[in-house]
Amino acid sequence: MSTTQQATPSLHHLLERYPLLASLEEDIRAAFFMLERCFREGSKLLICGNGGSAADADHIVGELMKGYLKPRPVPGRIREALKNTSGNHGEYLADHLQGALPAISLTGHPALGSAFSNDVAPDMIFAQQLYGYGRPGDVLLGISTSGNAVNVLNALRVARASGIQSIGLTGEKGGALAELCDLAIRVPETLTPRVQELHLPIYHWLCEALEQCFF
């Protein structure tokens with residue numbers, strides 16, 4: 001079964017449940033393929049946002065870095081290596097490790113964030129982490145309901161200069177974010193809580209489709 005065939009059924013189900021997202025079908029699918037390529041090539045996803053969008057960034061990491069809707073047992077070669085190197089502990093380790101898609105939320109790291117905000121510039125903390133962690137082949141997901149969060153925009157500018165592809169998750173107006181991203185997903189709402197309500201089913205679908213593809 002091809003990646004497209006794997007992804008299509010659950011996307012149709014998503015659009016049946018959230019008809020407001022029907023106009024975004026191609027953008028959501030394009031985001032999936034960008035992320036699928038990123039993970040298949042051994043790269044990682046970096047995510048940033050503020051407030052509720054910061055919570056969304058952490059939420060996405062939680063779905064990608066462990067089992068989401070299905071078990072993700074480690075490969076047999078890893079199981080054997082754990083047994084060989086860890087003796088009696090190897091089987092426990094192998095039974096409790098889960099396959100992961102590498103994703104980092106840039107909204108954490110309070111020591112770094114507070115130090116950089118105090119010593120340098122608070123609107124550059126995501127950009128600094130993107131500069132430190134990011135490599136060509138990675139993807140940056142910037143989440144901003146208005147599309148105008150300055151710290152998210154600065155990270156997107158650094159991503160562009162660094163050859164790192166970017167996805168923006170935002171509201172209907174798009175703001176400056178829509179012009180800076182390689183792909184902007186603009187949900188058809190403008191009020192912050194309504195925008196966030198539509199962001200969640202989109203990234204849940206992406207996490208589900210990626211898990212189905214890789215595990």
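Fair warning: this is a prediction, and the values are worked out from it, not measured in the lab.

(A) Local environment of the overall build of the protein. Counting secondary structure elements, the protein contains 10 helices and five strands. By the compact-globule yardstick of 17 Å for 215 residues, the protein fits well, its C-alpha radius of gyration being 18 Å. Projected onto its principal axes, the C-alpha coordinates of the protein cover approximately 55 × 50 × 30 Å. Taken across its 215 residues, the protein has 47% of its residues classed as buried. The contacts of the protein with a sequence gap of at least 6 include a subset with a gap of at least 24, amounting to 72%. When the accessible surface of the protein is summed, it comes to about 10400 Å², and 54% of that surface belongs to carbon and sulfur atoms. Separation between the mean location of the 17 positive side-chain charges and that of the 22 negative ones in the protein comes to 4 Å.

(B) Quick look at the environment of Gly-51. The residue Gly-51 is located in the loop between strand 1 (45-48) and helix 3 (52-64) in this model. On a C-alpha basis, the gap between Gly-51 and Thr-107 in space is 9.3 Å, while along the polypeptide they are 56 residues apart.

(C) Looking closely at the sheet that holds strand 4 (residues 165-170). As summarised here, the arrangement of the five strands in space is 2-1-3-4-5, forming an open sheet in which the pairing is parallel. The strands lining the two open edges of the sheet, one partner per strand, are strand 2 (103-105) and strand 5 (183-186). For this sheet, the mean angle separating the axes of adjacent strands, direction not counted, is 15°. In terms of strand pairing, strand 3 (residues 139-143) meets strand 4 through five bridges, oriented parallel. Residue pairing across strands places Gly-142 opposite Gly-168, the latter belonging to strand 4. Packing of helix 8 (residues 150-162) onto the sheet brings it into contact with strand 1, strand 3 and strand 4, and relative to strand 3 it is tilted by some 160°.

(D) Layout of helix 8. Helix length check: helix 8 (13 residues) gives 18 Å between terminal C-alpha atoms against 18 Å at 1.5 Å per residue, within 8%. When we look at burial in helix 8, the residues that qualify are Asn-151, Val-152, Leu-153, Asn-154, Ala-155, Leu-156 and Ala-159. In the core, the buried residues of helix 8 are packed alongside strand 1, helix 7 (125-133), strand 3, strand 4 and helix 9 (177-180).

(E) Main features of the nonpolar core. By size, the foremost hydrophobic cluster in this structure holds 38 residues, and its most contacted members are Leu-45, Ile-60, Leu-64, Ile-167 and Ile-202. Breaking this core down by element, the ones donating at least two residues are helix 1 (3-17), helix 2 (25-40), strand 1, helix 3, strand 3, strand 4, strand 5 and helix 10 (192-214). If one sorts the elements of this core by residue count, helix 10 sits on top with 10 residues. With near-sequence residues (within four places) excluded, Ile-60 lies in contact with Leu-45, Ile-47, Leu-141, Ile-143, Tyr-203 and Cys-207.

What counts, and at which threshold
Residues numbered from 1 in each chain as written. Predicted model: local features only at pLDDT ≥ 70, side-chain atom pairs only at ≥ 80, totals over all residues. Heavy atoms only, no water. Helix = DSSP H or I, 4+ residues; strand = E, 2+ residues; numbered from the N terminus. Rg over C-alpha atoms; globule rule 2.2 N^0.38 Å. Buried < 20%, exposed > 50% of the residue type's maximum accessible area, 1.4 Å probe, protein only. Contact = heavy atoms within 4.5 Å. Areas by Shrake-Rupley, 256 points an atom, 1.4 Å probe, with all protein chains shown as cover. Lys, Arg positive; Asp, Glu negative; His and termini not counted. Charge placed at Lys NZ, Arg CZ, Asp CG, Glu CD. Pairing = 2+ DSSP bridges. Axes fitted to C-alpha atoms, helices over the stretch in contact; angles between N-to-C directions. Expected span 1.5 Å × (residues − 1). Core = buried A, V, L, I, M, F, W, Y, C linked by side-chain atoms within 4.5 Å.

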